[in-house]
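Next come the chains, spelled out residue by residue.
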Amino acid sequence: LIGGTGELGTALAVHFAKVSSVLLGSRDLEKSRSVVEKILDDKSNDERLRSNLVPSDNFRVVAECNIVILTVPAEVAIRTIKQLSESFRIDQILVSSVAPVEKTENGFVSKFDSKGRSVTQQISEILPRMVRVATAFQTIPAHILYEERPISADVLVSCNELTTYQSVATLVAMLPGLRPLYLGSLDYAGEIERITALLMNVAKRNRLKSPTLKFSSF
Ligand SMILES: NC(=O)c1ccc[n+]([C@@H]2O[C@H](COP(=O)([O-])OP(=O)(O)OC[C@H]3O[C@@H](n4cnc5c(N)ncnc54)[C@H](OP(=O)(O)O)[C@@H]3O)[C@@H](O)[C@H]2O)c1
């Protein structure tokens, strides 16, 4: 997890580390160490977390992990990927969970770049072509996941290759109550990124706490 010390990173980490080794990345290794200690404290020293959750800096995450998840604020996402781009390896998967939301006087809007490109599209243009890029997790309320409260939600995924989708879908399915759904190629990443602003506006105007996305079909 790049920026794994924040709200979403720690929420994903507590679930993934129950079944797999997880590097909790940070710009500052000491910060990662203290966040891992805090997680272990919160989670009653869970044995699986103790052995699988590894404090790390962001560079080591990119150097060692097959699947790298970007969980930093939107305004620093591109800069962060640029700084790390040379450390990526062939056939890695980079999943962006970044939602570029801006608060305005009237509510929340999605903020793409001057060419209208989503954060995920921009990232895929920066990274070497051998890195497979996907987008996912934008609509999951992190604190519900961290607190391990029951949740039933869909996670939209966009990426260009079927094999990438299968890997990301497996990752999503590791999280209890979450269902992966394929939206389409990276051209659709912006549609996923936009849903966060939609959810935040609905929450604000209708006093909903922590809304998420769930499709019903009849
Ligand atoms: N929170 C949610 O419920 C939620 C849900 C879905 C998606 N998201 C998306 O996930 C992303 C992360 O959200 P979050 O709430 O977890 O964010 P956050 O807690 O505010 O920040 C996450 C981490 O980003 C790193 N970071 C902060 N400033 C940075 C900078 N200038 N340069 C590089 N790294 C920096 C920090 O790690 P270090 O200081 O350790 O480097 C921080 O712990 C956002 O794009 C958000 O839209 C959030």
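Residues numbered from 1 in each chain as written. Predicted model: local features only at pLDDT ≥ 70, side-chain atom pairs only at ≥ 80, totals over all residues. Heavy atoms only, no water.

## What to know about the pairing of strand 8 (residues 153-159)
Every regular strand shows the same layout, with side chains that alternate between the two sheet faces.
(1) Moving on: Of all seven residues in strand 8, seven are buried, a share of seventy percent or more.
(2) Moving on: Here strand 8 shows no split at all, with Ala153, Val155, Val157 and Cys159 on one side and Asp154, Leu156 and Ser158 on the other all buried.
(3) Moving on: In the sheet, strand 7 (residues 132-135) pairs with strand 8 via two bridges, with the strands oriented antiparallel. The residue bridging Thr135 from the neighbouring strand is Ser158, located in strand 8. (Buried < 20%, exposed > 50% of the residue type's maximum accessible area, 1.4 Å probe, protein only. Helix = DSSP H or I, 4+ residues; strand = E, 2+ residues; numbered from the N terminus. Pairing = 2+ DSSP bridges.)

## A short note on the site of the ligand
(1) Moving on: Near the ligand there are 23 residues, and of these Thr5, Leu8, Ser26, Lys31 and Val72 occur at the shortest range.
(2) Moving on: Contact between the ligand and Gly6: an oxygen atom at 3.1 Å from a main-chain N or O atom of the residue.
(3) Moving on: Take Lys31: an N or O atom from its side chain is 2.7 Å from an oxygen atom of the ligand.
(4) Moving on: The fraction of the free accessible surface of the ligand (890 Å²) that becomes covered by protein chains is 77%.
(5) Moving on: A per-element tally of the shell around the ligand places helix 5 (residues 74-84) first, with four residues.
(6) Moving on: Taken together, the residues of the shell around the ligand sort by class into eleven nonpolar, eight polar and four charged. (Near = heavy atom within 4 Å. Polar contact = N/O pair within 3.5 Å; in protein donor to acceptor, adjacent residues only side chain to side chain. Areas by Shrake-Rupley, 256 points an atom, 1.4 Å probe, with all protein chains shown as cover. Nonpolar A, V, L, I, M, F, W, Y, C, P; charged D, E, K, R; others polar.)

## Section: the pattern of salt bridges
(1) Moving on: Following the criterion strictly, the structure yields 13 salt bridges and no others.
(2) Moving on: Here Asp42 makes a salt bridge to Lys38, at a shortest N to O gap of 2.7 Å. Of this pair, Asp42 and Lys38 both sit in helix 2 (residues 29-42), four residues apart, which is roughly one turn of that helix.
(3) Moving on: Classification of Asp42 as partly exposed rests on a relative accessible area of 35%.
(4) Moving on: Linking Glu125 and Arg117 is a salt bridge whose minimum nitrogen-to-oxygen distance equals 2.4 Å.
(5) Moving on: With relative accessibility at 52%, the residue Glu125 sits in the exposed group.
(6) Moving on: By sharing partners, the salt bridges in this structure join Lys18, Lys43 and Glu148 into a single network. (Salt bridge = Lys/Arg side-chain N within 4 Å of Asp/Glu carboxyl O.)

## Quick notes on the environment of Lys103
(1) Moving on: With respect to the helices and strands, Lys103 occurs in strand 5 (residues 101-103).
(2) Moving on: Taking relative accessible area as the criterion, Lys103 reaches 63% and is therefore assigned exposed.

## Comments concerning the packing of aromatic side chains
(1) Moving on: The tally for this structure, following the rule as stated, stands at two aromatic pairs.
(2) Moving on: Aromatic pair Phe16 and Phe137: ring centres 6.5 Å apart, planes at 65 degrees, arrangement edge-to-face. Highlighted residues: Phe16 in helix 1 (residues 7-16) and Phe137 in the loop between strand 7 and helix 7 (142-146), separated in sequence by 121 residues. Here the two residues Phe16 and Phe137 agree in accessibility, since each one is buried. (Phe/Tyr/Trp six-rings, centres within 6.5 Å; stacked < 30°, edge-to-face > 60°.)

## What about the nonpolar core?
(1) Moving on: Ranked by internal contacts, the top residues of the largest apolar core, which has 39 residues, are Leu12, Phe137 and Leu178.
(2) Moving on: Considering every element that reaches this core, the biggest residue donor is helix 1, with six residues.
(3) Moving on: Contacts of Phe137, omitting those with residues within four sequence positions, involve Leu12, Phe16, Ile69, Val95, Ser97, Val155, Leu156, Val172 and Leu175.
(4) Moving on: The next biggest cluster of nonpolar side chains, apart from the first, holds 21 residues, and it includes Val61, Ala77, Ile78 and Val119. (Core = buried A, V, L, I, M, F, W, Y, C linked by side-chain atoms within 4.5 Å. Contact = heavy atoms within 4.5 Å.)

## So, helix 8 (residues 162-173)
(1) Moving on: The first and last C-alpha atoms of helix 8 sit 16 Å apart over twelve residues, in line with the 16 Å expected at 1.5 Å per residue.
(2) Moving on: Every buried residue belonging to helix 8 is among Thr164, Tyr165, Val168, Ala169, Leu171 and Val172, and all of these are buried. Axial view of helix 8: buried residues confined to an arc of 155 degrees, hence all on one face. Facing away from the buried side of helix 8, by more than 90 degrees, are the exposed residues Leu162 and Ala173.
(3) Moving on: Packing partners of the buried residues in helix 8 comprise helix 1, strand 3 (67-70), strand 4 (93-96), strand 7, strand 8 and strand 9 (178-184). (Expected span 1.5 Å × (residues − 1). Arc of directions from axis to C-beta.)

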